[in-house]
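Chain by chain, the residues:
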Amino acid sequence: MKYLIFMLVGIFLASCHPTVDKSEEMDLSNQKVLFLGDSITQAGQYVGFVEYALRKQNPEDDFDFYSLGLNSETASGLSEKDHPFPRPCVHERLANALEKIKPDVVFACYGMNDGIYHPLNEKILDAYQKGILSLIEKCRETGAEVVMISPPAFQAYAIQKKLRSADAEDFSYRFPYENYHQTLEAFSQWLRLGLPQEVTCVDLNTAMTNYLIEKRKNDQSFVFAKDGIHPALGGHLFMAQELLKGLGTNADLLAQENLADIKKDELYQLVEKRRQLRSRGWLKYVGYTRGKVFKTDSVSETESRASELLKEIDAIN
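Note that this is a predicted model, so its numbers are computed, not measured.

Draft legend 1. Quick look at the pairing of strand β2 (residues 64-67). Taking every second residue as pointing to the same face, both faces of β2 are buried, with Asp64 and Tyr66 on one and Phe65 and Ser67 on the other. Here strand β1 (residues 32-37) pairs with β2 via four bridges, running parallel. The partner of Leu34 across the bridge, within β2, is Tyr66.

Below, the structure written as structure tokens:
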């Protein structure tokens, strides 16, 4: 089968297609930067942490981030049977987002929903690959640089009573396959090895999986996501740190032990408040479908309030 062959040749391909060249830092200052993804990116705290760290370390630069993750979304276009409505697909809103924002850089983090919580099979892998490659192509057609982020780790040990074995009749986000991490790991391996050479991949899944394994050696209760899927604030901090490291940027500020101090920092509070404001406003301005259509005609009020918050940010930074 296609995905089995891919897994077997992965080691060879890894030597031909490095994930990230960390010798060169990606400069996100003075550019429009769009973040796309599912509910994890809609929560978006990792985006706020990234912007906070960049502003803290580069107070003379400007950063223009648009955090437009959407709950339930996929790149694959797949949806499990018992989802309350067909899962939205990023391709339903991608053209509008690119046209309205005109980003210079697009970050995309998909995969957690794309396997629809099933064991890996050829149909699922093929749909994911086609969806991601189409996303990359459409972004690059506008001149935007693309950074793919592999999905966060699925933490089955957090939801043992909800898991289903491989011989179950069906699977969903409510009752995931017990080894769903294998599906996400296959997605992540393909992202590392199968993307166009000019596309950067930050392999969050491997980094988070390894970190969790080490932490749980001494503390079996440790998780980033109590529901197995959605990282709490510490998980978002880890995501942001790995993203900055993957881009060749100093990420020491975002170490786990600094979380309490970061939360108290007025700069972080303002950056996060502004991120949430713009996320809500731009998400509806671009438009999306989740069972029904959500669309607004203007983002002027959002941007007016965002400009006031930016003045406060500049004043203290």
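Draft legend 2. Spotlight on the nonpolar core. With 98 residues, the main nonpolar core has Leu28, Phe107, Ile132 and Met148 as its most contacted residues. Of all the elements, helix α10 (residues 266-286) adds the most residues to this core, at nine residues. Once residues within four sequence positions are removed from consideration, Met148 is found in contact with Ala108, Ile132, Leu135, Ile136, Leu191, Leu195, Val199, Thr200, Cys201 and Val202.

Draft legend 3. Focus on the pairing of β1. With respect to burial, β1 is a largely interior element, five of its six residues being buried. Looking at chain direction, β1 and strand β3 (residues 105-109) are connected through five bridges and run parallel. The partner of Leu36 across the bridge, within β3, is Ala108.

Draft legend 4. Quick peek at the side chain of Ser72. Inspection of the secondary structure assignment puts Ser72 in the loop between β2 and α4 (94-101). If near-sequence neighbours (up to four positions away) are discounted, Ser72 is found in contact with Ser39, His83, Phe85, Arg87, Pro88, Asn113 and Arg290.

Draft legend 5. Representation of the packing of helix α7 (residues 204-218) against helix α8 (residues 233-246). At a minimum axis distance of 10 Å, the contact between α7 and α8 shows a crossing angle of 130°. Comparing their axes, α8 and α7 come out oblique. Crossing geometry of α7 relative to α8 is assigned as right-handed. Seen from α7, the contacting residues are Leu204, Ala207, Met208 and Tyr211; seen from α8, they are Gly235, Phe238, Met239 and Glu242. For the contact of α7 with α8, a count of residues per class yields six nonpolar, one polar and one charged.

Draft legend 6. Structural context of the pattern of salt bridges. In total, this model carries 15 salt bridges according to the counting rule given. In this structure, Glu73 and Arg93 form a salt bridge, with 2.7 Å as the shortest nitrogen-oxygen distance. Taken together, the positions of Glu73 in the loop between β2 and α4 and Arg93 in the loop between β2 and α4 put the pair 20 residues apart, joining distant regions of the chain. Classification of Glu73 by relative accessible area gives buried; the value is 0%. Among the residues examined, Arg93 registers a relative accessible area of 3% and is labelled buried. Between Asp126 and Lys130 there is a salt bridge, with its nearest N and O atoms 3.1 Å apart. One end of the pair, Asp126, and the other, Lys130, are both in helix α5 (residues 122-141), four residues apart, so they sit about a helical turn from each other. With a relative accessible area of 22%, Asp126 lands in the partly exposed category. Where salt bridges share partners, they join Glu51, Arg55 and Asp62 into one cluster.

Draft legend 7. Representation of the environment of Ser72 in the model. A relative accessible area of 6% places Ser72 in the buried class. Residues Ser72 and Leu98, 26 residues apart in the sequence, show an inter-C-alpha distance of 20 Å.

Draft legend 8. How the structure looks around the side chain of Ser172. By secondary structure assignment, the location of Ser172 is in the loop between β4 (145-149) and α6 (180-193). Polar side-chain contacts of Ser172 include one of 3.2 Å to the side chain of Asp82. A distance of 3.1 Å separates a polar atom in the side chain of Ser172 from the backbone nitrogen of Arg174.

Draft legend 9. Quick look at the packing of aromatic side chains. Under the defined criterion, the tally for this structure stands at 19 aromatic pairs. Note on Phe154 and Tyr180: the rings are 5.4 Å apart at their centroids and 90° apart in plane angle, and the pair reads as edge-to-face. One end of the pair, Phe154, is in the loop between β4 and α6; the other, Tyr180, is in helix α6, with 26 residues separating them in the sequence. Given the relative accessible area of 6%, Phe154 is considered buried. An aromatic cluster is present here, built from Phe35, Tyr46, Phe63, Phe65 and Phe107 joined pairwise through their rings.

Draft legend 10. Up close: the confidence of the model for the chain. Mean pLDDT over the chain: 93, with 92% of residues reaching 70 or higher. Low confidence marks residues 1-23, where pLDDT is under 50. Its contacts with residues over four positions away, or in another chain, come to 38 contacts.

Draft legend 11. Molecular detail of helix α11 (residues 300-316). Taking 1.5 Å as the rise per residue, α11 with 17 residues should run 24 Å; its terminal C-alpha atoms sit 25 Å apart, in good agreement. Among the residues making up α11, those that are buried are Thr302, Ala306, Leu309, Leu310 and Ile313. One side of α11 holds all its buried residues, which, seen down the axis, span an arc of 115°. Across α11 from its buried face, at more than 90 degrees, point the exposed residues Ser300, Glu301, Lys311 and Ala315. Looking at the packing, one finds that the buried side of α11 touches α3 (45-57) and α10.

What counts and how
- Here, residues in each chain are numbered from 1, in the same order as that chain's written sequence.
- Since the coordinates come from a predicted model, pLDDT governs what is reported: local features require at least 70, and pairs of side-chain atoms require 80 or more to be given and counted, while whole-chain, interface and lining totals use all residues.
- Processing note: side-chain calculations cover all non-hydrogen atoms of the structure and skip hydrogens and water entirely.
- Note on exposure labels: buried denotes an accessible area under 20% of the residue type's maximum, exposed denotes more than 50%, and partly exposed covers the range between, all computed with a 1.4 Å probe on protein chains only.
- Runs of E in the DSSP output that reach at least two residues are strands. Runs of H or I that reach at least four are helices, and both are numbered from the N terminus.
- Only strands that DSSP links by at least two bridges are regarded as paired with each other.
- To define a nonpolar core, start from buried Ala, Val, Leu, Ile, Met, Phe, Trp, Tyr and Cys residues and group those joined through side-chain atoms within 4.5 Å.
- Whether two residues are in contact is decided by their heavy atoms: any pair within 4.5 Å suffices.
- The axes used here are C-alpha line fits, helices contributing only the stretch in contact, and every angle between their N-to-C directions lies in the interval 0 to 180 degrees.
- Working rule for angles: under 35 degrees goes down as roughly parallel, over 145 as roughly antiparallel, 65 to 115 as roughly perpendicular, anything else as oblique.
- It is the rotation of the near helix from the far one that decides the hand of a crossing: anticlockwise by less than a right angle makes it left-handed, clockwise makes it right-handed.
- Note on residue categories: nonpolar means Ala, Val, Leu, Ile, Met, Phe, Trp, Tyr, Cys or Pro, charged means Asp, Glu, Lys or Arg, and polar means any other residue, Gly included.
- Definition used for salt bridges: Asp or Glu carboxyl oxygen within 4 Å of a side-chain nitrogen of Lys or Arg.
- Think of a polar contact as two N or O atoms within 3.5 Å of one another; within protein, one of them needs to be a possible hydrogen donor and the other a possible acceptor, and neighboring residues in sequence only count if both atoms come from side chains.
- Each pair of aromatic rings taken from Phe, Tyr and Trp, with Trp reduced to its six-membered ring, is defined by centres within 6.5 Å and is described as stacked if the planes are under 30 degrees apart, edge-to-face if over 60, and tilted in the remaining cases.
- Predictor confidence is given residue by residue as pLDDT, running from a minimum of 0 to a maximum of 100.
- For a helix, the expected span equals 1.5 Å multiplied by the residue count minus one.
- By construction, the arc corresponds to the directions joining the helix axis to the C-beta atoms.

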